[in-house]
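# Observations on the three-dimensional arrangement
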Amino acid sequence: MANIEALFDRYVHTVIPSKEEAVRRIKSSQEPLTVYLGIDPTGPDIHLGHSTNLLWLREWIAAGQRAVLLIGDFTAQIGDPTGKDAARASLTRAQVEENMASYLDQVHKILAPGSFHIAYNSDWLSPMTFTDVVQLASHVTVQQMIVRDMFQRRLEAGNPIHLHEFFYPLMQGYDSVALNTDAEVGGNDQFFNMMMGRELLQALKHKDKLVITTKLLEDPTTGKKIMNKSEGRYVSLRDSAHDMFGKIMAMPDSTIIPLYTYATAAPLERVTEAERRLETENPKTIKQEVAQEIVTLYHGEAAAQEARSAFESVFTKGELPKEIQTFTHVPGASLSEVIVSGFGGTTSAAKRLIQQGAVKINGEKITDWASVPQLKGGDVIQAGSHDFRKVK
RNA sequence: GGGGGUGUGGUGGAGUGGUCAAUCACAACAGACUGUAAAUCUGUCGGCCGAUCGGCCUACGUAGGUUCGAAUCCUACCGCCCCCA
């Protein structure tokens with residue numbers, strides 16, 4: 001059996017009640033322990049921030065324990081208030097189902113299909129009656145709910161807190177009860193919800209579950225999350241090898257080590273080594289290494305290597321990318337119209353780009369948006385530093 | 001039930017009758033620089049049209065009204081916040 005102690009070192013932030021207790025329980029149990037990870041299919045993407053949980057789960061499974069992936073198909077329709085200062089819009093059933101399918105595909109990139117179980121919380125949350133809900137709610141006080149910093153913030157700012165947002169932790173907590181689980185894992189931002197589950201499980205089944213929180217991907221210099229879904233800045237596990245590589249390279253240098261540590265499975269010695277190398281070497285080299293490591297995880301070694309050399313040729317050496325999206329050129333169209341049909345966006349935006357000198361045709365800068373370029377198949381249009389289109 | 005507030009662009013937040021497509025900050029985008037970035041500097045940042053200049057349309061919770069003219073005044077409605085009951 002794998003080293004149980006090491007299980008709580010790398011990706012883990014906190015263990016409740018304690019790491020020692022968790023280790024003790026695993027070792028003393030005849031049966032494998034069950035841990036679950038809950039994810040709400042609220043969007044089509046799982047991002048690198050979630051991958052920490054999955055990587056940890058992979059180790060847990062390798063250590064001979066049981067894992068359940070809990071798909072929050074019910075809770076996704078309510079919306080989690082965590083980290084948000086405004087209530088989130090609810091999703092329709094159809095959206096949720098679409099996202100669910102996409103999630104599983106992404107999870108399978110890290111956890112082998114069949115190595116874990118899958119559960120859906122609509123199985124037990126849907127059939128609950130109002131009576132059930134009231135009874136469940138009686139275990140929790142309003143004071144307990146509003147101590148959450150995010151609720152506090154809204155209270156102070158005078159922003160609305162909708163009553164149904166209180167149900168979210170309750171429902172998520174009930175998942176623990178329904179699964180009758182030994183442990184739950186989740187990002188550190190889910191601490192409150194997970195503790196709610198711990199309390200409910202204690203109250204209803206007198207069971208004491210472990211709460212394992214994982215480290216969040218944060219930029220140590222700013223303290224901000226590296227993956228920010230609401231701002232649209234994140235690396236999706238479904239991104240192509242090229243996109244993934246490029247996005248990682250575009251991250252601030254200060255995020256190199258967090259990414260290396262929490263978003264890859266590379267041996268820790270390599271990470272410490274990288275930390276040392278950062279002091280003397282060009283950080284670019286190390287970031288490339290991390291990017292390659294991450295891309296390999298999702299696309300395999302060959303694709304990662306390819307993405308790396310493509311990146312080097314385009315950005316470092318300024319060459320054209322090998323594969324460029326094509327578009328159909330309408331003869332006689334002005335340059336601004338060409339940009340709109342090739343890259344999308346509004347006419348005004350296209351004109352701006354052109355006037356700012358961001359547009360090149362076959363490497364030649366053109367600043368007159370009204371000019372009518374004579375384009376032929378294979379001509380390459382560039383808008384901005386890394387956006388290329390080819391004439392079909 | 002009563003009273004007092006408030007609602008502006010992706011966000012925060014100015015603006016209280018014309019010079020407002022709306023100060024400013026953040027975010028975003030482009031350019032320079034670079035190591036791909038970050039930081040910094042410069043520019044852009046509702047849409048559409050016309051060669052810089054300019055013109056038109058849409059927009060300041062919703063619907064009406066007053067006015068030559070309204071984000072700004074009035075009325076109703078809707079949402080939200082606070083206080084009293």
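Note that the coordinates shown come from a computational prediction; the quantities given were computed from them, not determined experimentally.

## Concerning the overall build of chain A
- Each helix and strand in chain A was counted, giving 15 helices and eleven strands.
- Projected onto its principal axes, the C-alpha positions of chain A cover 75 × 45 × 40 Å.
- For chain A, the residues scored as buried account for 34% of the 392 residues in total.
- Pairs at least 24 residues apart make up 70% of the contacts formed inside chain A by residues separated by at least 6 positions.

## What about the sheet that holds strand β9 (residues 364-365)?
- Strands sit in the order β7-β11-β10-β8-β9 across an open sheet of five strands; the sheet is mixed. Two strands in the sheet have a free side with no partner beyond their single neighbour: β7 (325-327) and β9.
- Bridging between strand β8 (residues 359-361) and strand β10 (residues 380-383) involves three bridges; their strand directions are antiparallel. By the bridge assignment, Lys-360 is partnered in β10 with Gln-382.
- Packed onto the sheet, helix α14 (residues 335-343) meets β7, β8, β10 and β11 (388-391) and runs at close to 85 degrees relative to β10.

## Here we look at the sheet that holds strand β2 (residues 34-39)
- Taken together, the six strands give an open sheet; going across it, the order is β1-β6-β5-β2-β3-β4, and neighbouring strands pair in mixed fashion. The sheet terminates laterally at β1 (12-16) and β4 (117-120), the two strands that pair on one side only. Going from strand to strand, the sheet's axes swing by 25 degrees on average, the running direction of each strand aside.
- Judged from the six bridges that link them, β2 and strand β3 (residues 66-71) form a sheet pairing that is parallel. The residue of β3 that forms the bridge with Ile-39 is Ile-71.
- Packed onto the sheet, helix α2 (residues 48-62) meets β1, β2, β3, β5 (183-187) and β6 (210-214) and runs at close to 150 degrees relative to β5.

## A look at the packing of helix α10 (residues 241-249) against helix α13 (residues 283-316)
- Between α10 and α13, whose axes approach to 9 Å, the crossing angle comes to 70 degrees. Taken together, the axis directions place α10 and α13 in an arrangement best described as roughly perpendicular. Considering how the two elements wind past one another, α10 and α13 form a crossing that is right-handed.
- Taken together, the residues that form the contact of α10 with α13 break down as 15 nonpolar, four polar and three charged.

## Some words on the nonpolar core
- With 57 residues, the main nonpolar core has Met-244, Phe-245, Ile-248, Leu-259, Ile-294 and Val-295 as its most contacted residues.
- Ranked by the residues each element gives to this core, the list is headed by α13, at nine residues.
- In terms of domain composition, this core takes at least three residues from each of domain 1 (4-214) and domain 2 (241-315).
- What Ile-248 contacts, discounting residues up to four positions off in sequence, is Val-235, Leu-259, Val-290, Ala-291 and Ile-294.

## Some thoughts on α2
- A rise of 1.5 Å per residue sets the reference length of α2, with its 15 residues, at 21 Å; its end C-alpha atoms lie 21 Å apart and thus fit the reference within 8%.
- Buried residues dominate α2, accounting for eleven of its 15 residues.
- Those residues of α2 lying buried are Leu-48, Gly-49, His-50, Ser-51, Thr-52, Asn-53, Leu-54, Leu-55, Trp-56, Leu-57 and Trp-60.
- A positive phi of about 85 degrees marks Gly-64, the residue just after α2.

## Details of the confidence of the model for chain A
- Of all residues in chain A, 95% attain a pLDDT of 70 or more, and the chain-wide mean is 86.
- Counted against residues more than four places away or in other chains, residues 83-88, with its pLDDT under 50, gives 15 contacts.

## Observations regarding the pairing of β3
- After leaving β2, the chain enters α2 and then returns to the sheet as β3, a path that is right-handed.
- Judged from the four bridges that link them, β3 and β4 form a sheet pairing that is parallel. Residue Ile-71 lies in a different strand from β4, and its bridge partner there is Tyr-120.

## Observations concerning the protein's contact with RNA strand B
- Taken together, 25 residues surround RNA strand B, and among them Lys-284, Thr-346, Ser-348, Ala-358 and Gly-384 come closest.
- Classifying every residue of the surface near RNA strand B by side-chain character gives ten nonpolar, ten polar and five charged.

Quick notes on the rules
Each chain has its residues counted from 1, running along the sequence as written. For this description, chains carry letters from A and ligands carry numbers from 1, given in the order in which they are written. Where local features are concerned, this predicted model is filtered to residues with pLDDT of at least 70; where side-chain atom pairs are given and counted, the filter is 80 or more; whole-chain, interface and lining totals use all residues. Per the convention used, a helix needs a DSSP run of H or I reaching at least four residues, while a strand needs a run of E reaching at least two, with both numbered from the N terminus. Three exposure classes are used. Buried residues have 20 or more other C-beta atoms within 10 Å of their own C-beta, exposed residues have 12 or fewer, and partly exposed residues fall in between, all C-beta atoms being placed from the backbone. Residues are scored as being in contact if the C-beta atoms we place from backbone atoms lie within 7 Å. Here, a strand pair is defined by DSSP locating no fewer than two bridges between the strands. A fitted line through C-alpha atoms represents every axis, and for helices the fit uses only the stretch in contact; the resulting angles, taken between N-to-C directions, go from 0 to 180 degrees. The labels follow the angle: roughly parallel below 35 degrees, roughly antiparallel above 145, roughly perpendicular from 65 to 115, and oblique for the rest. Throughout, a crossing is termed right-handed when the near helix is turned clockwise from the far one, and left-handed when it is turned anticlockwise from it by less than a right angle. Put simply, Ala, Val, Leu, Ile, Met, Phe, Trp, Tyr, Cys and Pro go in the nonpolar bin, Asp, Glu, Lys and Arg in the charged bin, and everything else, Gly too, in the polar bin. Defined on buried residues, the nonpolar core groups Ala, Val, Leu, Ile, Met, Phe, Trp, Tyr and Cys residues joined through C-beta atoms within 7 Å. Those domain boundaries reflect an automatic or database domain assignment. For a helix, the expected span equals 1.5 Å multiplied by the number of residues minus one. The pLDDT value expresses, per residue, how confident the predictor is, ranging between 0 and 100. Here is how to tell: hold the view so the strands point away, follow the path from the first strand over the helix to the second, and if it runs clockwise the crossover is right-handed. Proximity of a residue to a molecule or strand is defined by its backbone-placed C-beta atom lying within 6 Å of that partner.

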